[in-house]
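# Reading the structure
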Amino acid sequence: MSSLKRIITLILKEFGMVLRDPKSRIVVIVPPILQFFVFGFAATYDLTDIRYAVLDQSRTEQSRALLARFEGSVNFRLVSTLSSDKQIVEMIDGEKARLVINIPADFSEKLVRGEQAVVQVIADGRNSNVAAIALGYVNSIVQQQASSFAKTRGQLLTEPSIKLVNRAWFNENLVSRWYIVSALGGVISMLIVMILSSLSVAREREFGTFDQLLVAPFRPFEILIGKAIPPIVFGLFDALLLSGAAVLFFKIPFHGTVAALVVILTVFVVAVVGMGLFVSSLSKTMQQALLGSFVVFMPAVILGGFTTPIENMPELLQIATYINPLRYVVYGLRQIFLAGGDLHSVWPQIWPMACIAAVTLPIAGWLFRRQTS
Amino acid sequence: MIERGSSRMRLSGFLKKETIQIIRDPSSLLLGIVMPVVLLLIFGYGVSLDPKNVPVAMVLEDSGPEARELAARFKLSPYFKPQSVYSVAEAKELVNSGNVDGILIIRSDFSTQLAKEFRAEVQLILNGMDANRARLIQGYGQGTIGKWLEVRRARGKSGVLPPIIVEQRIWFNESADSTNFLVPGLLTLIMTLIGTLLTALVVAREWERGTMEALLATPLTPGEILLGKIIPYFILGMMGMLLSVTLGVFLFDVPLRGSLILLIALSGLFLLASLGLGLLISSATRVQFVAAMVSVIVGFLPAFFLSGLLFDLESTPKLVQIISYIIPARYFVIISQTLFLAGNIWSTILPAAGLLAVMAIVLLGATKKKLVRRLPQ
C-alpha cells in the first residue's frame with residue numbers, strides 16, 4: 001500500500017503549508033467565523049427603524065389615530081414633524097427620512113362623508129427594494145386602520161368585499177434572516193475553499209516546486225488527492241460550524257436530518273475543490289489564481305439564488321445556473337433547515353454536484369501535467 | 001539631493017515596468033475589463049428582486065361566475081402564472097416538490113358567501129422559504145383582488161372600496177425597478193475588486209520573490225515606488241468604471257441624473273482609497289497567500305455585505321452599523337446611488353466624499369510608511 005502512504009505524506013505536507021505559518025493559520029480559521037456573525041446580522045431584507053417624517057395637514061382625531069399606529073409600530077421611527085410640503089424635498093433628498101407620510105387637509109371630511117380618503121406616502125427610491133418593503137409595511141398599517149374605520153361605520157355588512165387570507169409555509173412570520181443565514185455557510189465556505197484550492201497549485205508553480213512534485217514518484221491522481229483533501233477538510237469544518245452557529249446563535253429552525261446536511265455539504269465542498277483546482281491548474285501565478293477564482297466565484301454567488309431568487313432570472317440564465325454548484329447547496333440547505341429535508345428529498349440537489357465534481361477533478365488532474373512549462 | 005529631471009525619469013521607467021507587467025498578465029485585464037462587463041450583464045439582465053410570473057397552483061372549488069372571473073384576473077396578471085389543480089392535496093405536492101411557489105384557493109362557498117354575507121375569502125398559501133419574495137407576492141395578490149373589486153364597481157355592481165387608500169410615490173425610481181439601484185451598487189463592487197484584490201498581491205509578490213529588496217536598493221524613493229504601483233492600477237480601475245457606467249446608462253437605461261464629471265472624480269477618490277487598502281494589506285503581510293485572504297476578508301466581503309449595496313444597514317444591530325462606518329464602500333454606495341438616481345445633492349455627497357478623502361489619505365500614508373521600513377531582520 002505504498003500508494004496510500006504516498007498520498008498521506010502529500011496530504012500532511014499540504015496541511016503543513018497552510019498551518020505552519022501563524023499568519024496563514026489565523027487567516028484560514030478565525031475570519032470565516034467572525035464573518036458569519038457580522039454578515040448574519042447584516043444580511044436581512046426586513047426593516048426595523050424606518051425613519052419617517054409626518055406632514056399632518058388634517059390635524060383631526062382621525063388623522064391622529066392613523067399616525068398613532070405608526071408611532072406604535074416597531075418598524076417605524078418618527079424623526080420629524082413637518083409644517084409645510086416644501087420641507088418634504090429636503091427630508092428625502094438629504095436622507096433625513098426614508099419616507100414622508102402626508103395627510104391632506106380633506107382627509108377627515110372625506111372619511112366622514114363616506115368617500116375614499118387618500119394618504120400620500122413618499123419614499124426614497126435610491127434603494128428601491130427598501131422602498132418597496134417599507135411601502136408594504138405602510139400599506140398594511142393603513143389597511144388595519146381602514147378596517148377599523150369601516151367597522152365603526154358598519155359598512156362591511158352592506159357591500160361586498162373580499163379578503164385575502166395569507167399564509168406562509170416553512171417560515172410563518174416571513175423572517176428573511178432565515179432565508180439568508182441558512183445558506184450563508186455554503187457561500188462563505190465556497191469562498192474559503194475556492195481560494196485555498198486555487199492558490200495551492202499556483203503557489204507551487206510560482207516557486208517552481210510543482211515541477212519537483214511532478215518528477216517525484218507520484219501518480220497524477222495521487223497529487224490530485226493530496227491537493228484536494230486539505231481544502232475539503234477546512235471547507236467542511238467551516239460549513240458545519242457555520243450551520244451549527246445558524247441554529248444555536250441565530251435560532252434558525254433545523255427541521256431536517258443531520259445526515260442530509262453532512263452529505264450535501266461534503267459533496268458541495270468536493271465540487272468546489274474541483275473548480276478551484278481547475279482554476280489553479282490554469283494559472284501560473286498566485287495572482288492569476290486569486291483573480292481567476294473570483295471570476296468564477298462572483299457570478300456563482302450572483303446566480304446561485306443566495307440573495308436574489310433564481311426564478312426571477314430570464315430563462316436562458318436559469319439554464320446556465322445548472323452548472324453552478326452553489327445553486328444546489330443554497331436550495332438544499334434551505335430545504336434541510338426550513339422545510340425538513342432528508343437525504344431522499346435533497347437527493348435532486350446532491351447528484352448534480354457530484355457530476356460537477358466528477359468532471360472538474362479529473363480535468364484538473366490532467367491539466368497538472370500539461371500546463372508545466 | 002535628487003534632481004527633478006532624474007526623478008521623473010526614474011518614475012517613468014518604473015511606471016513602464018509596472019504597466020508591462022499588467023499587460024503581460026492576462027489575469028489583470030480579465031479582472032479589470034472583462035469582469036465588469038460580465039458582472040454588469042448578469043446584474044442587468046439576470047438579477048432582479050421583482051417577482052414576475054410566479055407559478056401558483058390554483059384550486060378552484062367554486063364554479064360560479066364570480067369565482068371564475070376572479071380566477072381569470074389572476075391568470076391575466078403579469079405577476080402570477082396559475083396552474084389549475086383539482087385538490088389541495090395535489091397542490092401541496094407541487095409546493096413540496098418546488099414546482100410552484102404557492103397555492104391559491106377559492107373555496108366552494110365563495111359565491112354563496114359573497115351573495116349572502118357580502119364577504120368572501122380567498123386563500124393564498126405561499127412557500128415562505130424566501131421571505132422577501134413571499135411578502136412581495138402577498139402584496140401582488142392583494143393588488144389583483146383590489147383591481148377586480150374596482151372593475152366590478154365600475155360595471156355598476158356594488159363593492160366596497162377601502163375607506164383609506166395609500167397613494168404611493170417612490171422618488172428617484174418611480175417604477176421601483178431594482179436594476180436602477182443594483183447597477184450603481186455594482187460599480188462599487190467592481191472598483192473594490194480592482195482596487196483591493198488586484199493590488200493586494202502586488203507588493204507581497206515582490207517581497208516573496210525578493211525583488212522588493214532590489215527595488216529598495218535602487219535610488220527610487222518610497223513615494224515613487226508607491227506612485228509607480230498606484231498609477232497603472234488606477235488607470236485600469238477607471239477604465240473598468242467608465243465601461244460599467246457606459247453599459248449601465250446605454251444598455252440598461254439607468255438614469256444618470258447627477259453630473260458625470262462629479263461621478264468620475266468621486267469614483268477616482270474611492271478607487272484611491274481601495275488601492276490604498278490593497279497596497280497596505282500587501283505591504284503589511286508580505287506573503288501573497290495571507291494578503292489574498294485578508295483582502296477578501298476586509299475588502300471584498302464587507303463591500304458586499306456592509307455597504308448598503310443590497311442589504312439595508314439601518315436595520316442591523318448598532319455594532320454592525322458602527323463597523324460599517326469604517327468601510328469605504330459604504331460611502332461610495334450612497335454617492336453613486338445619489339448621483340445616478342437623485343442628482344447632485346450636496347448635503348449627501350459632500351460628507352461622504354470628505355470621509356472617503358480622509359480614508360484615502362490615511363491608507364496611502366500608512367502604506368508609504370510601511371514601504372519605508374526597510375528589510376526585515
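Keep in mind the model is a prediction, meaning the values are calculated, not measured.

### With respect to the overall build of chain B
In terms of helices and strands, chain B carries 14 helices and five strands. Taking 377 residues into account, the globule formula puts the C-alpha radius of gyration at 21 Å, and chain B, at 28 Å, lies well above it. Dimensions of chain B, computed from C-alpha atoms along their principal axes, come out at roughly 100 × 45 × 40 Å. Considering chain B as a whole, with its 377 residues, one finds that 48% of them fall into the buried category.

### Considerations on the packing of helix α11 (residues 286-302) of chain A against helix α2 (residues 26-46) of chain B
The N-to-C vectors of α11(A) and α2(B) enclose an angle of 0 degrees; their axes lie 10 Å apart at closest approach. Between α11(A) and α2(B), the angle falls in the class roughly parallel. Together, Q287(A), Q288(A), L291(A), G292(A), F294(A), V295(A), M298(A), P299(A) and I302(A) of α11(A) and S27(B), L30(B), L31(B), M35(B), V38(B), L39(B), I42(B) and F43(B) of α2(B) make up the contact between the two elements. Its residues assigned to classes, the contact of α11(A) with α2(B) comprises 13 nonpolar, four polar and no charged.

### Section: the interface of chain B and chain A
Tallying the contact residues gives 98 residues for chain B and 97 residues for chain A. In terms of residue count, helix α6 (residues 131-154) of chain B provides more of the side of chain B that touches chain A than any other element does, eleven residues in total. Counted by class, the side of chain B that touches chain A contains 59 nonpolar, 25 polar and 14 charged residues.

### Concerning the pairing of strand β2 (residues 76-81) of chain A
All names here are of chain A. Relative to β2, strand β1 (residues 50-56) runs parallel, the two sharing five bridges. Within β2, the position partnered with Y52 by the bridge is L78. Between the parallel elements β1 and β2, the chain passes through helix α3 (residues 61-71) in a crossover that is right-handed.

### Remarks on the nonpolar core
Core analysis: the biggest nonpolar cluster contains 225 residues, and L99(A), V100(A), L184(A), I195(A), L290(A) and A292(B) have the highest contact counts within it. Ignoring sequence-local partners within four residues, the contact set of V100(A) consists of Y52(A), A53(A), L55(A), I88(A), M91(A), I92(A) and I122(A).

### What about the domain arrangement of chain A?
Frequently, the measure chosen for interface size is the accessible area that the parts lose on association. What the domain assignment lists for chain A is domain 1 (2-44 + 175-370) and domain 2 (50-157). Spacing between the C-alpha centres of domain 1 of chain A and domain 2 of chain A amounts to 48 Å.

### Focus: the environment of G195(B)
Residues and elements named next belong to chain B. Relative to the helices and strands, G195 resides in helix α7 (residues 179-209). Separated by 92 residues in sequence, G195 and V287 place their C-alpha atoms 18 Å apart. Beyond its immediate stretch of four places on either side in the chain, G195 contacts G237, L271, S274, L275 and G278.

Procedures and definitions
Residues numbered from 1 in each chain as written. Chains lettered and ligands numbered in written order. Predicted model: local features only at pLDDT ≥ 70, side-chain atom pairs only at ≥ 80, totals over all residues. Helix = DSSP H or I, 4+ residues; strand = E, 2+ residues; numbered from the N terminus. Rg over C-alpha atoms; globule rule 2.2 N^0.38 Å. Buried ≥ 20, exposed ≤ 12 C-beta atoms within 10 Å, placed from the backbone. Axes fitted to C-alpha atoms, helices over the stretch in contact; angles between N-to-C directions. Parallel < 35°, antiparallel > 145°, perpendicular 65-115°, else oblique. Contact = placed C-beta atoms within 7 Å. Nonpolar A, V, L, I, M, F, W, Y, C, P; charged D, E, K, R; others polar. Pairing = 2+ DSSP bridges. Right-handed = clockwise from strand over helix to strand, strands pointing away. Core = buried A, V, L, I, M, F, W, Y, C linked by C-beta atoms within 7 Å. Domains from an automatic or database assignment.

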